[in-house]
Amino acid sequence: MGRKLLLEHIDVPGIETFDVYRKNGGYRSVEKALKTMSPEDVVEEVKKANLKGRGGAGFPTGLKWSFLAKPEGVPRYLLCNADESEPGTFKDRYLMEKIPHLLIEGMIVSSYALGSNLSYIYIRGEYMWVLEILEKAIAEAYAKGFLGKNILGSGFDLDLRVAPGGGAYICGEETALIESLEGKRGNPRIKPPFPAVKGLWGCPTVVNNVESLATVVPIINDGAEEYTKLGTDASNGTKLISACGNVTRGGVYEIELGISVEEFIYGDEWCRGIANNKKIKALVPGGSSVPILPAHLITKTAAGENRLMSYESLADGGFASGSMLGSGGFIVFDEDQCIVRNTWNFARFYAHESCGQCSPCREGTGWMEKVLHRLENGKGNMRDIELLADINKKIEGNTICPLGDAAAWPVAAAIRHFREEFEWHVTHPEDAVKGNYGLLKGITV
Amino acid sequence: MKIEVTQKSRPVLSAEKMAEIQGVISQFPEGKSKSAVIRILHIVEEEAGGWLSPDTMDMVAEILNIQPIEVYEVATFYTMFNLNPVGKYIFEVCRTGPCMLVGSDNIIEYIENKLDVKVGGTTADGMFTLKTAECLGACGYGPMLQCGKHYHEHLTPTKVDELIEACRKGEIKANF
Ligand SMILES: Cc1cc2nc3c(=O)[nH]c(=O)nc-3n(C[C@H](O)[C@H](O)[C@H](O)COP(=O)(O)O)c2cc1C
Ligand code: SF4
Ligand code: FES
């Protein structure tokens, strides 16, 4: 049984209300930070806790905070990234829906640390009912004196607002999010300048994921020293994992970083194995953008070590035999699934979501989608497989934002590990159109 | 029943809605009211029967004191905004990987057959528009669809039937 830091009280009836949340220890970190710590102390504590950003990239939160420019007389902003659109990821919604005050508490402490007096939660437009839950909770926090002017008599003022998007994956990228929050199309900006220098309305800005900001609460409550006792040496604390695909029990789980992948997939406390007693074929452990792992690299690394749910273990082997923890979107494929079909599906996703600013991404994602579509439908040839690798190379590193890479990597990984399946689609065109490779190969190969 | 659509389909906003819109604008600092555009588009789209006509978008530009093009370019970028008339209810079925793994294709096909409509289309009686969506953040509870503000998860043909029935009976909030 792992310790839970974020979801500990999730099942307490009424935990979405201020009073119940407060009775269960809520808002202690605000009292502690505002009354006994300087903003710099808070940044230092988050640095010491070695918190890695939970939105996908895993950039150290404390370090990011320390880059924030602080010119005299210029406002600074903290933005919470609640755009959550990476396929496989649905943890932030769960947290905000069930325990909204945890995010609000984290945002108050983080805004204090950064000197932001006006902070926003940017939430994907489809989560409109979650936005309403948040606004209700924010109104309660104002009424109780945890938001507004002179919070708890500390002299610190904070206004917290929620703003919806309109349906665009790209707005999860931090500069696109800023553009969107300014009321524009979500086109990512060229960096530098980085948001830490020039972000929202040209002012220094920090963008952090929902879970990252929520995690600031236990770090401040317990102190970095206690926090780092959980997890592994390089992956501290806990992480929300959203499990989906062909598992017996999908859902959002808080794990202590460092439990084994095998335990997470098969353990009673977590996914309870593969649905319908099938075998596992592949795993995408961190959202659709991270490399897929074939069955033999899921519970063990290429070096034969146990694969753990941690940043370093999931990445062990690099792109050749590893993947990434990413956003924690844990997608499991059973033996009957077709990798070509799924690779095409993801390619279609990225082609659909490319903002269209850079030609390598706009055109490249479109081509990949088309080539994969014809392979999946038995109309491809062997050269198409090389063509995909070539398009890939032309996208990677040649775009304004990382969406291009995010689109290219999964295709490269799928071909690396499942090349024979791609080739089968070429050599068995009639079977390829009939259905899933996994189901059909039993009959035809 | 046929939906009446004219280009001049600018919704008439009640005093309450106008106040709500003012509230949204006031969430941003002086001079930054353009930031309110997305949320206002959501509000007026709901008032306008689920879609945004050029005339409705012009109205938003007037409210925010910005150029109409600034509204059009936003409305055309974000997939949630409908730029053409839609049915009384919109079903947006997630088609992305994790949902596909658990059978979203079958659900889409089932709805197409049941309602005699293709993805992107509206039923002849104007009741239902069927759309597909990319990952809606409910991957562990798929197959799923969004109708209005609500998510319908772990879909089966029976659940789809029940949802359609509930719409027909008017038990769910409609676009118009
Ligand atoms: C295409 C794209 C989509 C992204 N989507 C999200 C998202 O939905 N949620 C999120 O928190 N971060 C997302 N990110 C990462 C953000 O740009 C940013 O790194 C993150 O919000 C920083 O927060 P963190 O350091 O707390 O993780 C995305 C990045 C890219 C390139
Ligand atoms: S890489 Fe793609 S999504 Fe990113 S800015 Fe370029 S075109 Fe837009
Ligand atoms: S893939 Fe369907 S909700 Fe995420």
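Refer to the structure printed above.
Being a predicted model, the structure only gives us computed values, none of them experimental. Here, residues in each chain are numbered from 1, in the same order as that chain's written sequence. Whichever chain is written first becomes A and whichever ligand is written first becomes 1, with later ones labelled in order. In keeping with the model being predicted, local features are shown solely for residues with a pLDDT of at least 70 and side-chain atom pairs are shown and tallied solely at 80 or more, while totals for entire chains, interfaces and linings include all residues. Only hydrogens and water are set aside when side-chain values are computed; all heavy atoms of the structure are taken into account.

**As for the overall build of chain B**
Counting its secondary structure elements, chain B contains 7 helices and 4 strands. Under the DSSP-based scheme used, a helix requires at least four consecutive residues in state H or I and a strand at least two consecutive residues in state E, with every element numbered from the N terminus. If you list the helices and strands of chain B from N to C, you get α-α-α-α-β-α-α-β-β-β-α. All radius of gyration figures rest on C-alpha atoms, and the globule criterion is 2.2 Å times the number of residues raised to 0.38. Its C-alpha atoms give chain B a radius of gyration of 17 Å, near enough to 16 Å, the size a compact globule of 176 residues would have. Under the counting rule used here, the positive set is Lys and Arg, the negative set is Asp and Glu, and His together with the chain ends is not counted. By convention, the charge on Lys lies at NZ, on Arg at CZ, on Asp at CG and on Glu at CD. Looking at charge distribution, chain B has the averaged site of its 17 positive side-chain charges lying 1 Å from that of its 24 negative ones.

**Observations concerning the site of ligand 1**
Residues and elements named next belong to chain A. Residues in close proximity to ligand 1 total 19 residues, the closest being Gly55, Asn81, Asn208, Asn209 and Ser212. Here a polar contact is taken to be a pair of N or O atoms separated by no more than 3.5 Å, where protein atoms must pair a possible hydrogen donor with a possible acceptor and residues adjacent in sequence count only if both atoms sit in side chains. One of the backbone N or O atoms of Arg54 is found 3.3 Å from an oxygen atom in ligand 1. Surface accessibility in these figures is a Shrake-Rupley result with a 1.4 Å probe; residues are shielded only by whichever protein chains are displayed. With the chains in place, 89% of the 610 Å² that ligand 1 exposes on its own is no longer accessible. Two kinds of site are reported from a 1 Å grid over the protein atoms alone, namely cavities, where a 1.4 Å probe fits but cannot get out, and pockets, open sets with protein on both sides within 12 Å along at least five of seven lines, and residues are called lining when an atom falls within 4 Å of a point. Being in a pocket or cavity means that more than half of the molecule's atoms lie within 2 Å of its grid points. With respect to the detected pockets, ligand 1 is housed in the largest pocket. Considering every element that reaches the shell around ligand 1, the biggest residue donor is strand 4 (residues 205–209), with 3 residues. Across the shell around ligand 1, the residue classes tally to 5 nonpolar, 8 polar and 6 charged. The cutoff for a nearby residue is simple: one of its non-hydrogen atoms must lie within 4 Å of the molecule or strand. Polarity classes work like this: nonpolar for Ala, Val, Leu, Ile, Met, Phe, Trp, Tyr, Cys and Pro, charged for Asp, Glu, Lys and Arg, and polar for all others, with Gly in that last group.

**Quick word on the site of ligand 2**
Around ligand 2 lies a shell of 13 residues, among which A:Cys355, A:Cys358, A:Cys361, A:Thr399 and A:Cys401 are the nearest. Residue composition of the shell around ligand 2, by class: 8 nonpolar, 5 polar and no charged.

**Structural notes on the interface of chain A and chain B**
Residue contacts are counted whenever heavy atoms from the two residues lie within 4.5 Å of one another. At the junction of the two partners, chain A supplies 60 residues and chain B supplies 39 residues. Take the accessible area each of two parts loses on contact, using a 1.4 Å probe, and add the two losses: that sum is the buried area. Of the roughly 3900 Å² buried between chain A and chain B, counting both surfaces, carbon and sulfur atoms make up 58%. What makes a salt bridge here is a side-chain nitrogen of Lys or Arg within 4 Å of a carboxyl oxygen of Asp or Glu, nothing more. Counting across the chain A and chain B interface gives 4 salt bridges. A salt bridge links A:Arg341 to B:Asp105; the nearest nitrogen and oxygen atoms lie 2.2 Å apart. Applying the counting rule to chain A against chain B returns 24 residue pairs in polar contact (both at pLDDT 80 or more). Looking at the side of chain A that touches chain B element by element, the count peaks at 8 residues for helix 14 (residues 339–353) of chain A.

**Focus: the environment of B:Glu153**
Residue position: B:Glu153 is located in the loop between strand 4 (150–152) and helix 7 (157–168). Take B:Glu153: its relative accessible area is 22%, and that puts it in the partly exposed class. For the pair B:Glu153 and B:Ile69, spaced 84 residues apart in sequence, the C-alpha separation works out to 37 Å. With near-sequence residues (within four places) excluded, B:Glu153 lies in contact with A:Arg93, B:Ala138, B:Tyr141, B:Pro143, B:Met144 and B:Lys159. Side-chain polar atoms of B:Glu153 contact the side chain of A:Arg93, separated by 2.9 Å. Relative accessibility under 20% of the residue-type maximum defines a buried residue, over 50% an exposed one, and the middle range a partly exposed one, all with a 1.4 Å probe and only protein chains included.

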